[in-house]
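# Structural characterization, general
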Amino acid sequence: MSEGKIEKMEKDFTPQVDALIPETEQLAQAGKLNEAIDRLMSLEKQARNAADPQSTGRILVQVIKLCRDAGNWKLLNEEIVLLSKKHGQLKAATTKMVQEAMTYLEQTPDMATKLELIDTLRTVTDGKIYVEVERARITRMLSKIKEDDGQINEAADILQELQVETFGSMEKREKTDFILEQMRLCLAKHDYIRTQIISKKINTKFFHEKDNEDLKLRFYELMIQHALHEEQYLNVHKYYKQIYDTESIQADKAKWQAALERTVLFVILAPYDNEQSDLLHRIYQDPKLSDLPLYHELAKCFVSIELMRWPRMEELYASTLQQTEVFSTKTSQGVQRWKEMHHRVIEHNIRVIAKYYTRITTKRLTQLLDLNDKDAEEFLSKLVVSKTIHARIDRPAGIISFQVKKDANNILNDWSRDINKLLNLVEKTCHLISKEEMVHSIAKAK
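Residues numbered from 1 in each chain as written. Predicted model: local features only at pLDDT ≥ 70, side-chain atom pairs only at ≥ 80, totals over all residues. Heavy atoms only, no water.

### Focus on the pattern of salt bridges
Using the criterion set out here, one finds 29 salt bridges in the structure. A salt bridge links E44 to R48, with the nearest nitrogen and oxygen atoms 2.8 Å apart. On the criterion of helical spacing, the pair formed by E44 and R48 is a turn pair, its members being 4 residues apart in helix α2 (residues 33-49). Across the pair R218 and D177 runs a salt bridge whose closest N-O atoms are separated by 2.6 Å. (Salt bridge = Lys/Arg side-chain N within 4 Å of Asp/Glu carboxyl O. Helix = DSSP H or I, 4+ residues; strand = E, 2+ residues; numbered from the N terminus.)

Quick look at the structure:
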């Protein structure tokens with residue numbers, strides 16, 4: 001049968017195969033393996049030409065089975081290649097043979113033989129859509145062997161050859177599992193860009209089903225590793241929130257508490273913007289956060305429009321937070337994140353000052369921020385550049401103005417509104433005076 005062409009079976013060779021298989025087994029046991037294979041090959045040609053996939057498949061399986069039983073692994077590899085290349089070989093028969101050969105991988109006498117058989121099967125299945133799933137599984141085995149040998153880069157490259165998202169015959173769960181494995185190996189070899197690209201192949205709606213929670217947790221754990229490397233703290237918060245919302249995590253108090261703690265810490269570490277502020281307020285309103293008083297108070301500090309003094313914050317939270325892996329003093333990343341926490345406190349304080357003050361002296365600002373002049377000006381400049389606040393610094397006078405300068409149109413609009421309010425008040429007053437005069441005139445007339 002040629003590629004894509006379906007042929008009708010002309011003759012059923014089942015009786016002949018039923019009779020021949022026991023005979024070939026006896027010949028093989030008597031040491032006449034080649035003779036047994038020759039007899040099977042003769043019948044295989046007839047069955048193949050008659051388009052009998054069932055009988056052809058049984059013959060192909062019997063050939064490689066006899067080679068395996070005889071311990072002749074070299075001949076086994078040769079026969080697999082030879083049978084797969086036969087003119088018009090039936091797809092169903094080839095699939096059966098490959099599936100049978102895959103069961104022999106764990107029975108090989110040594111690693112060299114196993115690798116040789118894997119290489120043979122990968123060669124045979126290359127470019128054949130009808131055995132794409134088998135090829136994927138074999139490739140994953142090879143990747144695992146390479147990884148166990150410490151060859152991480154080779155293992156990742158081998159597994160990345162597979163574009164499993166295009167495999168129509170593979171179940172969605174297995175497909176997702178393959179993609180997660182590709183992501184894990186990319187992270188292991190520090191290829192963070194490819195990890196991000198591969199992660200886009202997974203539709204997160206697939207994780208809404210309860211049966212896929214284990215894959216969901218694996219996916220978000222890998223994404224957290226990637227986001228931490230890229231210092232995308234808001235994304236880390238979102239991934240921990242997904243883990244926290246998972247049903248199996250909610251059922252385990254220790255797990256949901258750990259996830260909720262990280263959710264709070266990373267949303268605080270994320271640079272301020274509208275989305276970050278919204279997510280922080282949402283997590284602050286979570287009823288379960290009250291079960292974690294320290295984290296509840298920490299979130300409250302950033303939600304409230306009040307100043308936070310850094311020495312006081314260190315005194316209250318440093319001892320506990322630096323015990324976690326997020327702010328661990330034993331790692332350079334932990335130390336860096338603690339500095340980021342200090343920066344977030346300073347930025348919060350500047351936003352609060354900008355709300356309460358229209359003008360402030362540089363000296364007073366440095367006192368409120370617990371910083372020197374240079375650092376205070378640097379942080380203020382960053383927030384102005386990011387358009388979080390509006391400020392103008394008069395260095396000679398040592399005054400900072402937070403008042404937004406209005407253009408001519410805004411000034412005229414404000415003036416127009418004020419005049420309208422004034423005229424409305426005058427009109428209302430005149431109306432009330434007229435009303436009182438009328439009431440008094442009526443009373444005098446009586």
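Back to the write-up after that little detour.
### Comments concerning unusual backbone geometry
Unlike most non-glycine residues, H190 shows phi in positive territory, near 65 degrees. With respect to the element layout, H190 can be found in the loop between α9 (172-188) and α10 (192-199). For H190, a relative accessible area of 57% puts it in the exposed group. (Buried < 20%, exposed > 50% of the residue type's maximum accessible area, 1.4 Å probe, protein only.)

### Concerning the packing of aromatic side chains
The tally for this structure, following the rule as stated, stands at 10 aromatic pairs. An angle of 50 degrees between the planes, with centres 5.4 Å apart, marks the rings of W310 and W338 as tilted. Of this pair, W310 sits in helix α17 (residues 310-321) while W338 sits in helix α18 (residues 332-356), and the two are 28 residues apart along the sequence. Members of the aromatic cluster, connected to one another through ring pairs, are F206, F207, F219, Y220 and Y239. In this structure, R351 is placed above the aromatic ring of Y272, and the distance from its NZ or CZ to the ring centre is 3.8 Å. Just above the ring of F379 sits the side chain of K382; from NZ or CZ to the centre is 5.3 Å. (Phe/Tyr/Trp six-rings, centres within 6.5 Å; stacked < 30°, edge-to-face > 60°. Lys NZ or Arg CZ within 6 Å of the ring centre and 35° of its normal.)

### A closer look at the confidence of the model for the chain
Averaged over all residues, the pLDDT of the chain equals 88, while 98% of them reach at least 70. When pLDDT is averaged over each helix and strand of the chain, the minimum, 85, is found for helix α1 (residues 14-29) and the maximum, 94, for helix α12 (residues 233-244). Every residue in residues 1-6 is under pLDDT 50, and counting partners more than four places away or in other chains gives 9 contacts. (pLDDT = per-residue confidence, 0-100. Contact = heavy atoms within 4.5 Å.)

### Points about α12
Compared with an ideal rise of 1.5 Å per residue, which puts 12 residues at 16 Å, α12 spans 16 Å between its outermost C-alpha atoms and is within 8% of the ideal. Those residues of α12 that fall on the buried side of the exposure criterion are Y233, L234, V236, H237, Y239, Y240, I243 and Y244. In this structure, the buried side of α12 is in contact with α11 (213-229), α13 (247-250), α14 (253-269), α15 (274-284) and α18. (Expected span 1.5 Å × (residues − 1).)

### Concerning a nonpolar patch on the surface
On the surface, I305, Y356 and Y357 cluster together into a nonpolar patch covering about 310 Å² of accessible area. Secondary-structure assignment places Y356 in helix α18. (Patch = residues over 30% accessible without salt bridge, like charges linked within 9 Å, V, L, I, M, F, W, Y side chains within 5 Å. Areas by Shrake-Rupley, 256 points an atom, 1.4 Å probe, with all protein chains shown as cover.)

### Overview of the nonpolar core
Core analysis: the largest hydrophobic core is formed by 67 residues, its most contacted members being L298, F302, L321 and M341. Element by element, the count of residues in this core is highest for α14, at 9 residues. When near neighbours in sequence (up to four residues on either side) are disregarded, M341 contacts I268, L269, L298, F302, W310, L321 and F327. Among the nonpolar cores identified, the runner-up in size contains 40 residues, and L33, L60, L105 and V124 belong to it. (Core = buried A, V, L, I, M, F, W, Y, C linked by side-chain atoms within 4.5 Å.)

### Quick look at the environment of S42
Relative to the helices and strands, S42 is located in helix α2. The class of S42 is partly exposed, set by a relative accessible area of 43%. Measuring from C-alpha to C-alpha, the distance between S42 and R344 comes to 79 Å, with 302 residues separating the pair along the chain.

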